[in-house]
Structures are given as structure tokens and as C-alpha cells.
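Survey of secondary and tertiary structure
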Amino acid sequence: MVVNLEDRMCPKRSRNGNQEWNLVMQATCCKTKDRHLPAFIMDNFVRRRFSPPKQKVSRFLSAGSVVADIGCGPGYFTIPMAELVGSTGKVYAADSDPKSIKVLRAKSDARRLGSIIDAHITSAANLGVVPDRSVDFVFANAVLCCMVDHAGALAEIKRVLKPQGLAYLSVTKAFRKNDPKAVTKEEWNRILEGFWIRENGEGLLNRWATVSVKNGIPEISIANASRASV
Ligand SMILES: C[S@@+](CC[C@H](N)C(=O)[O-])C[C@H]1O[C@@H](n2cnc3c(N)ncnc32)[C@H](O)[C@@H]1O
């Protein structure tokens, strides 16, 4: 994995520009590292009650679809997506947190979905296992805002998407000032400029969009796109 150390420097604590010092800071300062969360935060009965996962993703999928769930966590969406695409489909699941992938693999085995779900401990900025232009649907829910290398992840999303494929992106609106993981409103708008926007919106806590690659299908105006929050 290529890590851009400059991107990972802590702006508050590394003012002397010394790279070795910055490496120490990188290891100790939470702001400079990707954010990993305990499984129970990402999969619990409250979330299932108020945001049922199948409901959110079913309209993007059909039997046989190829999906990439990047920043999949313990599989809150991965498992239902695998059930929806079925045995003729495939779900690549990628997360840089080994604990999340361990939980996901256990769930996948328990539900006999191991032949559909291909889970990897890797960064969203390094999806080497996924071939170019092979994915119908990329699901990147709340991952860009948990990682530092936004450009790397976006390049991978564009690389793996089929020309007619769709990506669902979302980021939190709640972040600390100067956190390099944060996706500000300005950055979000710049990110969307790199895609055709099929639909987009925002809630109290997040911004989201469904997009496709610019060298794929032609743009449709946002006014014509559904604005229903997903
Ligand atoms: C807020 S959680 C969202 C999890 C899942 N998408 C969901 O909606 O349930 C963010 C996830 O991104 C993962 N993550 C953080 N940095 C990452 C990176 N560089 N590459 C891949 N995953 C990353 C975290 O481990 C965590 O599982």
C-alpha cells in the first residue's frame, strides 16, 4: 500500500517538518490514522430497527450483480447484499481493520455465503484484488470520512466500476476541524465533479450521492434524478 506521509502528518503537532518526528506523531495521534470502529457500533439492533440494510441497497442490485463493499466493517450491508445478488453474483468486501473482516468472515461462513463474499483486509485505496471495470455497484458508505487517502480510494472506485455501473458514496457532516479524514462540503463538491451524479442529497448527519464514472454513460440532470434519501 502506498502511503502519502505528507497527507498523514498531524497539522497541529508536527510543525517542525521533520519526517521522523512526523512518523512518531503518525503512530500516536488519532487524527492522522484511518478510523476503525468496534463491530457493535456498526451492527446493532438500534441501527437495524431504524436503518434496515436490505431496504437501503436493494434497488441497486439484482441477481448476478457484482458488488464492491469498501470499508465494509463487520458486514452490516455486505451480508444482505450477498443475499440479494445470490449465487450467480459476487460481493468483494474490503476493510483495513482485520477485526471487522474477522467478524464478517464468521457471519459469512455461518450463513453459507462464503462462495459469494470475497473479503479482504486492505485499504479502500488499494483494491488490487478487484479487476478493472468489473463492478456493477460500489458501496462506500461512511468510509471516505474514516480514512486519510481520499484520492486513492476515489481512483480505485473509478478503476473498478463498469462504465454503466453505479457507486453509492456517503460521508459524515460531523468532523473535527483539521482532521485529515474529514470530507468538507467543498471537498465533497469537488469529489462529485469527478463523476456523473445520478442523485444526491443530505440528511442531518451525512451527505450522499449515487454516481457513475464520467467515461461511462451520459450525464442526466440532477433535477431529473430521484432525490429520495437512501
Ligand atoms: C463508519 S464505518 C462504516 C462501515 C460500513 N460501511 C457500514 O456502513 O456499516 C467505516 C469503516 O471504514 C473502515 N476503514 C477505515 N479506513 C479504511 C481504509 N483506508 N480502507 C478501508 N476501510 C477503511 C473502518 O474500519 C470501518 O469499518
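Reading the values: rules and limits
Residues numbered from 1 in each chain as written. Predicted model: local features only at pLDDT ≥ 70, side-chain atom pairs only at ≥ 80, totals over all residues. Heavy atoms only, no water. Core = buried A, V, L, I, M, F, W, Y, C linked by side-chain atoms within 4.5 Å. Buried < 20%, exposed > 50% of the residue type's maximum accessible area, 1.4 Å probe, protein only. Helix = DSSP H or I, 4+ residues; strand = E, 2+ residues; numbered from the N terminus. Contact = heavy atoms within 4.5 Å. Phe/Tyr/Trp six-rings, centres within 6.5 Å; stacked < 30°, edge-to-face > 60°. Near = heavy atom within 4 Å. Polar contact = N/O pair within 3.5 Å; in protein donor to acceptor, adjacent residues only side chain to side chain. Areas by Shrake-Rupley, 256 points an atom, 1.4 Å probe, with all protein chains shown as cover. 1 Å grid on protein atoms, 1.4 Å probe; cavity = no way out; pocket = protein on both sides within 12 Å on 5 of 7 lines; lining within 4 Å. Sits in = over half its atoms within 2 Å of the grid points. Nonpolar A, V, L, I, M, F, W, Y, C, P; charged D, E, K, R; others polar.

Counting 32 residues, the largest nonpolar core has Ile70, Val138, Ile157 and Leu169 as its most contacted members. For this core, the secondary-structure elements that each account for two or more residues are β1 (66–70), β2 (90–95), β4 (135–141), α8 (150–160), β5 (161–172), α9 (185–193), β6 (195–202) and β7 (206–213). If we skip the residues at most four places from it in the chain, Val138 touches Ala68, Ile70, Ile157, Val160, Leu161, Leu166, Ala167 and Tyr168. With 23 residues, the next largest nonpolar core counts Leu61, Val91, Tyr168 and Trp208 among its residues.

Inspection of every chain in the model, using the stated rule, returns 7 aromatic pairs. Taken together, a centroid distance of 4.6 Å and an interplanar angle of 10° make the contact between Phe60 and Phe137 stacked. Placement of Phe60 in the loop between α5 (53–57) and β1 and of Phe137 in strand β4 is noted, with a sequence separation of 77 residues between them. An identical accessibility class is assigned to Phe60 and Phe137; each is buried. Between the aromatic rings of Phe60 and Tyr168, the centroid separation amounts to 6.2 Å while the plane-to-plane angle is 50°, which identifies the pairing as tilted.

Attention now goes to the site of the ligand. Asp34, Arg47, Gly71, Asp95 and Ala124 are the nearest of the 22 residues found near the ligand. Here Arg47 contributes a side-chain N or O atom positioned 2.8 Å from an oxygen atom of the ligand. Contact with the protein chains covers 96% of the free accessible surface of the ligand, which is 600 Å². Among the detected pockets, the ligand sits in the largest pocket. Here the residues of the shell around the ligand are counted per class, giving 10 nonpolar, 7 polar and 5 charged.

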